[in-house]
Amino acid sequence: MDRQSRADAVDREMAARLLPETALTALGRWWARNEVMYPEGTPGAHTISYVPARWAQITPWPAGLAGRSHAGEAGVSRAQVALIVADALKRGIPREALIATYVWGKGKRGTPGGSGPSTLQRILTAENLDAALTASVTTLQERGAKEAYAVLHQAVPGLGPSFFTKFLYFTGQALPTVSDPAPLILDGRISRRLRSLASAIGRETGIDPDGSVAAWAWGDWNWSAHRYNVYLSYMHAATCQVASTGTWPSYTTPDLLECALFNGAWAT
């Protein structure tokens, strides 16, 4: 088999097995510790700290974020970002929605001379930014997350999947209807969790004995639209699996699982 065929074979095994027992146990423990924080069974309260003054050159600044004259740190939750994005899209300013998701994604890592404000500033100067963002919103609503991902993949210089999937995720929260599987955030941390699982399955089955196919499929960035769709399908199925254990809320959505994996609930 060629590399893609082997990757597909591992994907099928992952879809059949889903999360191992060790992961289910770890996730149950994580939920027991965090149930009070997320009473609705969603990660809406997941709050990121940021320093507004460090984003002084970024415009248009979302009104839902703390003013850039704000002294010290501020916090913004997923639920708050979702409201900011919904408002920005309603007013036809998708770049404002992107700014909110980018600031949330970078948090305090957005230092004056670092990759936060400076990279975002370069992204905002791209001539095709508004057209690409608008097209992705329309595509998400009409054709789903995989195709919306394809619209943004390598479309805007500097805007990689770790950040444009945040835009797609919060846009999916804002739109009245989005077909399943709904968009989720995919970044290097999440990908490494799935890479480790794919490597273990590849070794066990003999499909990928050295883990090279898993490393290729689940790299740290620049995933294909196909890989994003595999990820979404897996996370939606795994959410049903973990919800059936009785140690996870049965009324939840896959973004709670994504949040738990991002926050180290299960370290492979």
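As a reminder, the structure under discussion sits directly above these lines.
What counts, and where the lines are drawn
Residues numbered from 1 in each chain as written. Predicted model: local features only at pLDDT ≥ 70, side-chain atom pairs only at ≥ 80, totals over all residues. Heavy atoms only, no water. Helix = DSSP H or I, 4+ residues; strand = E, 2+ residues; numbered from the N terminus. Buried < 20%, exposed > 50% of the residue type's maximum accessible area, 1.4 Å probe, protein only. Phe/Tyr/Trp six-rings, centres within 6.5 Å; stacked < 30°, edge-to-face > 60°. Lys NZ or Arg CZ within 6 Å of the ring centre and 35° of its normal. Contact = heavy atoms within 4.5 Å. Salt bridge = Lys/Arg side-chain N within 4 Å of Asp/Glu carboxyl O.

Between Thr 59 and Pro 60 the backbone carries a cis peptide bond, its omega angle lying at 0 degrees. Mapping Pro 60 onto the fold places it in the loop between strand E1 (47–50) and strand E2 (74–77). Its identity is not glycine, yet Leu 18 carries a phi of approximately 55 degrees, on the positive side. Mapped onto the elements of the fold, Leu 18 is located in the loop between helix H1 (3–17) and helix H2 (21–34). Residue class for Leu 18 comes out buried when judged on its relative accessible area of 15%. Even without a glycine there, the phi angle at Asn 222 is positive, about 60 degrees. For Asn 222, the location among the structural elements is in the loop between helix H10 (212–217) and helix H11 (225–243). Among the residues examined, Asn 222 registers a relative accessible area of 29% and is labelled partly exposed.

Right, let's talk about the packing of aromatic side chains for a bit. Where two aromatic rings form a pair, the distance of their centres and the angle of their planes describe that pair. The tally for this structure, following the rule as stated, stands at 10 aromatic pairs. With a centroid separation of 6.2 Å and 35 degrees between ring planes, the pair formed by Tyr 228 and Tyr 231 is classed as tilted. Residue Tyr 228 and its partner Tyr 231 are both found in helix H11; the two are separated by three residues, about one turn of the helix. Each member of the pair, Tyr 228 together with Tyr 231, is buried. What links up through ring pairs into an aromatic cluster is the set Trp 30, Trp 31, Tyr 38 and Trp 248. The residue whose ring lies beneath Lys 166 is Phe 163, and the NZ or CZ to ring-centre distance is 4.6 Å. Here the basic side chain of Arg 227 rests over the ring of Trp 218, its NZ or CZ set 4.7 Å away from the ring centre.

The next point concerns the side chain of Thr 239. Looking at the element boundaries, Thr 239 is found in helix H11. Residue classification places Thr 239 among the buried residues on the basis of a relative accessible area of 6%. When near neighbours in sequence (up to four residues on either side) are disregarded, Thr 239 contacts Thr 252, Thr 253, Pro 254 and Leu 257.

Here we come to the pattern of salt bridges. Applying the stated criterion across every chain, the model contains 11 salt bridges. The closest approach of N and O atoms between Arg 78 and Glu 258, which form a salt bridge, is 2.9 Å. Placement of the pair is Arg 78 in helix H3 (residues 78–90) and Glu 258 in helix H12 (residues 254–262), with a sequence separation of 180 residues. Note on Arg 78: relative accessible area 2%, which makes it buried. Across the pair Asp 220 and Arg 192 runs a salt bridge whose closest N-O atoms are separated by 3.4 Å. Of this pair, Asp 220 sits in the loop between H10 and H11 while Arg 192 sits in helix H9 (residues 188–205), and the two are 28 residues apart along the sequence.

Any functional reading would require information that these geometric values do not contain.
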